[in-house]
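Listed below, chain by chain, are the residues.
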Amino acid sequence: MRAVDIIRKKRDGGVLTAAEIAFLIDGYCRGDIPDYQMSAFAMAVLFRGMTAEETAELTLAMARSGTQLDLSGIPGIKADKHSTGGVGDKTTLIVAPLAAAAGVPVAKMSGRGLGHTGGTIDKLESIPGFRTELAPEAFFRQVREIGLAVAGQSGDLAPADKKLYALRDVTATVDSIPLIASSVMSKKIASGADAIVLDVKTGAGAFMKTLEDAERLAEAMVAIGRLAGRRTAAVISDMDQPLGRAIGNALEVKEAIAALRGEGPEDLTKLCLTLAAHMAVLGGKAAAVDEAVPLLEGKLKSGEALEKFRAFVAAQGGDAAVVDDPDLLPAAPRRIAVKAERAGFVRRIDAEKLGLAAMVLGAGRAVKDAPIDHSVGVVLVRKLGDRVEAGDVLAELHAAREDRADAEATRLAAEAFEIGGEPPALRPLILSVVTEDGIRRGA
């Protein structure tokens, strides 16, 4: 078997066998297949695509390239949740304890943020003392004991994906549905969960800009889950504006705690209940989403979800006092108001620009491993459709120090808001749901 023959076959529209795909991935990881040949393969996939079976085989080959967690020693159907990334997306902090409070064991490996989207690990590390590095046995034990653990991804988790993604990033082959789907799902499958719920973002602040592309990606990932023997569902949600009101690590933890108290923004609470409901269904705790939502609402009202979050924070070394007093979280010393220049309605909010404003302030990374400031970020005062008068505050920047970054962040935040004379047509928060039965538009 030769790499060049496999590349030619895919270039010409052929369907690769499991053995051919495994040969490529294994050879690339060993260093036997050079970057230039894998670049050619990635470009062939970009133009020719892959069948569902090919994409599943690519995913499994990448999952096998490193450590695979075995969660079989933990009772129950273990669930994981993944978001394709967005601005203000703190759903894991709410969904995981909600699902765990309903009896679904949640074993999640998460990553750090890069660019304008924040990472769950960065948010959790804004809690004083919180440990995101857990040895496998400690991770398993915590899930057994409290039903929930979230740890940083091991460097040996699907290393083939890490290597291939770095190559795609510099060869203009990122925008391929099979390659994106296999990248996401290889890490989820290697993490060992029995059930996977995906939150696929679409809109101005998301990687997938159109609903059609988001649905194609969701279908590909659900198909991979089915072929890999994992219960999988995908919720496609709007990212034309930030989720909730807080953007930035400690600010988002604070908002997540409010949501677990039943006091969070309506959009954030609705999406979290929907995602957790799908986890409850896949985890065997409810027969249908309509049955699961009231169950989970009860976990919020009773305080069980909040207590699960408290136990989770304490188990990973964090200061659980933040649950009762979120002001113990890091706080930036300066506030900068971004004001409306005219009266009207908020017709558009560029989520990506607000994410970039938070990054410029220090909440995110322009390059991997750059330090971040957990205290800084942006808080939205107005959202889409709100009526404003000239001089009303649209957003508040939380800044650490007075420098040129403040001016750049203020400019980006101001440009993110479009004020017009008529209210906009608002699209639903939840646009569609993709399961093994197909696509269902709406919640």
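About the criteria used
Within each chain, residue numbers correspond to sequence positions counted from 1 in written order. Per-residue local features are limited, in this predicted model, to residues with pLDDT of at least 70; the limit for side-chain atom pairs, both in listing and counting, is 80 or more; totals at the level of whole chains, interfaces and linings are taken over all residues. Think of the side-chain values as coming from all heavy atoms in the structure, minus any hydrogens and water. In this description a helix means any DSSP run of H or I spanning at least four residues, a strand means any run of E spanning at least two, and both kinds are numbered starting from the N terminus. Note that the radius of gyration is over C-alpha atoms, with the globule rule given as 2.2 Å times the number of residues to the power 0.38. Each residue's exposure class comes from its accessible area (1.4 Å probe, protein chains only) as a fraction of the maximum for that residue type: buried when under 20%, exposed when over 50%, partly exposed otherwise. Here the rule is simple: two strands pair whenever DSSP picks up at least two bridges between them. In this analysis, the expected span of each helix is defined as 1.5 Å times one less than the number of residues it contains. When checking whether two residues touch, look at their non-hydrogen atoms; a contact exists if any pair is within 4.5 Å. Axis geometry follows a simple rule: fit a line to the C-alpha atoms, using only the stretch in contact for helices, then measure angles between N-to-C directions, giving values from 0 to 180 degrees. Between N or O atoms, a polar contact is any pair within 3.5 Å; within protein, one atom must be a potential hydrogen donor and the other a potential acceptor, and residues adjacent in sequence are included only when both atoms are from side chains. Pairing of aromatic side chains requires ring centres within 6.5 Å, counting the rings of Phe and Tyr and the six-membered ring of Trp. Pairs whose planes differ by under 30 degrees are stacked, by over 60 edge-to-face, and all others tilted. Cation placement over rings: the criterion is NZ of Lys or CZ of Arg within 6 Å of the ring centroid and within 35° of the ring normal.

Student: Can you explain the overall build of the protein chain? Please cite residues and give values.
Tutor: Scanning the protein chain from N- to C-terminus turns up 16 helices and 14 strands. Relative to the compact-globule value of 22 Å for 443 residues, the protein chain shows a C-alpha radius of gyration of 22 Å, a close match. When the backbone C-alpha atoms are referred to their principal axes, the protein chain occupies close to 70 × 45 × 40 Å. Counting all 443 residues of the protein chain, 56% fall into the buried class.

Student: How would you sum up the pairing of strand E8 (residues 344–349)? Please name residues and give values.
Tutor: Across two bridges, E8 lies against strand E10 (residues 387–388) in antiparallel orientation. Looking across to E10, one finds that Gly-344 is bridged to Val-388. The sheet contact formed by E8 and strand E12 (residues 417–420) spans four bridges and is antiparallel. Bridged to Val-346 within E12 is Ile-419.

Student: Could you give an account of helix H2 (residues 18–30), naming the residues involved and the relevant values?
Tutor: Helix length check: H2 (13 residues) gives 18 Å between terminal C-alpha atoms against 18 Å at 1.5 Å per residue, within 8%. Residues of H2 that are buried: Glu-20, Ile-21, Ala-22, Leu-24, Ile-25, Gly-27 and Tyr-28. Buried residues in H2 make contact with helix H1 (3–11), helix H3 (35–48), helix H4 (52–63) and helix H8 (159–169). Gly-31 occupies a position one or two residues after H2 and carries a positive phi of about 95°.

Student: Account for the sheet that holds E8, naming residues and giving values.
Tutor: Across the sheet, which stays open at both edges, the three strands sit in the order E10-E8-E12 with antiparallel pairing between neighbours. At either margin of the open sheet sits one strand with a lone partner, and together these are E10 and E12. Seen against the sheet, helix H16 (residues 404–416) touches E8 and E12 and runs at an angle of roughly 40° to E12.

Student: If you had to explain the side chain of Glu-252 to someone new, which residues and values would you point to?
Tutor: Its location among the elements puts Glu-252 in helix H11 (residues 249–260). Here the side chain of Glu-252 touches Lys-123 through a polar contact of 3.0 Å, side chain to side chain. With residues up to four places along the chain from it excluded, the contact list for Glu-252 reads Gly-88, Asp-89, Lys-90, Leu-93, Lys-123, Ala-246 and Ile-247.

Student: Run through the sheet that holds strand E11 (residues 393–399), naming residues and quoting values.
Tutor: Reading across the sheet, the four strands line up as E6-E9-E11-E7 and stay open at both edges, with antiparallel pairing between neighbours. For this open sheet the edge positions go to strand E6 (246–247) and strand E7 (334–339), each flanked by a neighbour on one side alone. Alignment of strand E9 (residues 377–380) against E11, held across four bridges, turns out to be antiparallel. The partner of Leu-380 across the bridge, within E11, is Ala-395. Packed on one face of the sheet, H16 meets E7 and E11 and runs near 35° to E7.

Student: Describe the side chain of His-398, and please don't skip the residues or the numbers.
Tutor: One can find His-398 in strand E11. Polar contacts involving the side chain of His-398 include one to the side chain of Arg-335, which spans 3.4 Å. Within the structure, His-398 has its side chain in polar contact with the side chain of Glu-396 (distance 3.2 Å). Every residue in contact with His-398, bar those within four places of it in the chain, is listed here: Leu-251, Ala-332, Arg-334, Arg-335, Leu-361, Ser-375, Val-376, Gly-377 and Val-379.

Student: A description of the packing of aromatic side chains should follow, citing residues and the corresponding values.
Tutor: Under the defined criterion, the tally for this structure stands at three aromatic pairs. Summarising the aromatic geometry, the rings of Phe-139 and Phe-140 are spaced 6.2 Å apart at their centres and angled 65° between planes, so their arrangement reads as edge-to-face. Each member of the pair, Phe-139 together with Phe-140, is buried. An aromatic cluster of three or more residues is present, and its members are Phe-130, Phe-309 and Phe-312. A cation over an aromatic ring shows up here: Lys-163 above the ring of Tyr-28, its NZ or CZ 4.4 Å from the ring centre.

Student: Describe in detail the environment of Phe-312, supporting the description with residues and values.
Tutor: Along the chain, the position of Phe-312 falls in helix H14 (residues 304–315). A sequence separation of 170 residues divides Phe-312 from Gln-142, and the C-alpha atoms of the two residues are 8.5 Å apart. In contact with Phe-312, other than residues within four places in its own chain, are Leu-124, Phe-130, Gln-142, Ile-146, Leu-148, Ala-149 and Val-150.

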